[in-house]
Amino acid sequence: KGYPLAKARMKLETLREHQHLRMRSRIGGAVARMRNALAFATHRFFQERGFYYVHTPLITASDAEGAGEMFRVSSLDAEEPPRLPNGRVDFSKDFFGQQSHLTVSGQLQVESFACSMSDAYTFGPTFRAENSHTSKHLAEFWMIEPEIAFADLEADMDLAEDYLKFCTAYALKHCGDDLATFELACEKGLRARLQAVVDAPFKRITYTEAQELLCDKALQKKHKAKFREAPGWGKDL
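The paragraphs below set out a description of the structure included in this document. Everything numeric here is computed off the predicted structure, so don't read it as measured data.

1. Looking at the packing of aromatic side chains
Then, number 1: This model, assessed by the stated rule, comprises 12 aromatic pairs.
Then, number 2: A ring pair is formed by F40 and Y170, whose centres lie 6.0 Å apart and whose planes are at 45 degrees; its orientation type is tilted. Of this pair, F40 sits in helix α2 (residues 26–48) while Y170 sits in helix α4 (residues 153–174); the two residues are 130 residues apart in sequence, bridging distant segments of the chain.
Then, number 3: Judged by its relative accessible area of 14%, Y170 is buried.
Then, number 4: With centroids separated by 5.5 Å and ring planes inclined at 55 degrees, the aromatic side chains of F45 and F166 adopt a geometry described as tilted. Of the two residues, F45 is situated in helix α2 and F166 in helix α4; the sequence distance between them amounts to 121 residues. The exposure classification of F45 matches that of F166, with both residues buried.
Then, number 5: An aromatic cluster of three or more residues is present, and its members are F45, F46, F51, Y53, Y121, Y163 and F166.
Then, number 6: We note R49 situated over the ring of F166; from NZ or CZ to the ring centre the distance is 5.8 Å.

So this is what it looks like as structure tokens:
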């Protein structure tokens, strides 16, 4: 009586309210084991292909080509920071002597390593400060960022496809019980869909072909597609 985890399956929102107990649920434990397996598979994939694993800074002054809104890191007094004559915050008095943020990407640093060490990758936490509270947005997540020396777009696509198939196959082979939990709690037929990812070649189309599909009125009607911003050539996908 009074124990926060019931025998019946609990909603994910309820588990989020008891973070210290989340891993004691079936779904929480399955997610943790799956993340462990896929992190191991990620390193194994790139190490077996001769990539060097490099560590990139979490605190940076770079916005990585404007990849996203950034969380500021500062040791200044938030209520009474030092100010310039024009009233703006004087970041020269801050810990790093300039504005600093949590990283949105380690790409620029990995590019430098790739120029000296050939193929390299980083795998670690990145942060995005967009105020978007949807299932498609995360404020903190782990991102794999490989840089291939002397590669063209085709080689880049080959690496991405091989990596996804390797990790998917690894999960199917080593995480059967956890995938069964996901099928029961989240998505029926999950293992069959993942096996199809491993078995079938990825479809590759050009940007122009993708925009033509998005703009096809018959396909929009068939799939009941609704766009907040109408697709068109020149716009982001």
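2. Structural notes on the packing of helix α5 (residues 176–185) against helix α6 (residues 190–199)
Then, number 1: Two elements in contact, α5 and α6, have axes separated by 9 Å at closest approach and are oriented at 120 degrees. Comparing their axes, α6 and α5 come out oblique. In this structure, α5 uses G176, L179, A180, F182 and E183 to contact α6, whose residues at the interface are L190, R191, A192 and L194.
Then, number 2: Class assignment of the residues belonging to the contact of α5 with α6 gives a composition of 6 nonpolar, 1 polar and 2 charged.

3. A closer look at the pattern of salt bridges
Then, number 1: The final tally for this structure, using the stated rule, is 10 salt bridges.
Then, number 2: Between R44 and E48 there is a salt bridge, and its shortest N-O distance comes to 2.9 Å. Of this pair, R44 and E48 both sit in helix α2, separated by 4 residues, roughly a single helical turn.
Then, number 3: Exposure remark for R44: the relative accessible area of 36% places this residue in the partly exposed category.
Then, number 4: Residue class for E48 comes out exposed when judged on its relative accessible area of 51%.
Then, number 5: One salt bridge connects E154 with R204, and the closest N-O pair in it is separated by 2.8 Å.

4. Let's talk about the packing of α2 against α5
Then, number 1: Put simply, α2 and α5 touch, their axes get as near as 9 Å, and they point 135 degrees apart. Here α2 lies oblique to α5, going by the angle between them. Here α2 and α5 pass one another in a crossing that is left-handed. In this structure, α2 uses R26, I27, A30, V31, R33 and M34 to contact α5, whose residues at the interface are D178, L179, T181, F182, L184 and A185.
Then, number 2: Of the residues that constitute the contact of α2 with α5, the class distribution is 8 nonpolar, 1 polar and 3 charged.

Quick notes on the rules
Residues numbered from 1 in each chain as written. Predicted model: local features only at pLDDT ≥ 70, side-chain atom pairs only at ≥ 80, totals over all residues. Heavy atoms only, no water. Phe/Tyr/Trp six-rings, centres within 6.5 Å; stacked < 30°, edge-to-face > 60°. Helix = DSSP H or I, 4+ residues; strand = E, 2+ residues; numbered from the N terminus. Buried < 20%, exposed > 50% of the residue type's maximum accessible area, 1.4 Å probe, protein only. Lys NZ or Arg CZ within 6 Å of the ring centre and 35° of its normal. Axes fitted to C-alpha atoms, helices over the stretch in contact; angles between N-to-C directions. Parallel < 35°, antiparallel > 145°, perpendicular 65-115°, else oblique. Contact = heavy atoms within 4.5 Å. Nonpolar A, V, L, I, M, F, W, Y, C, P; charged D, E, K, R; others polar. Salt bridge = Lys/Arg side-chain N within 4 Å of Asp/Glu carboxyl O. Left-handed = near helix turned anticlockwise from the far one by under 90°.

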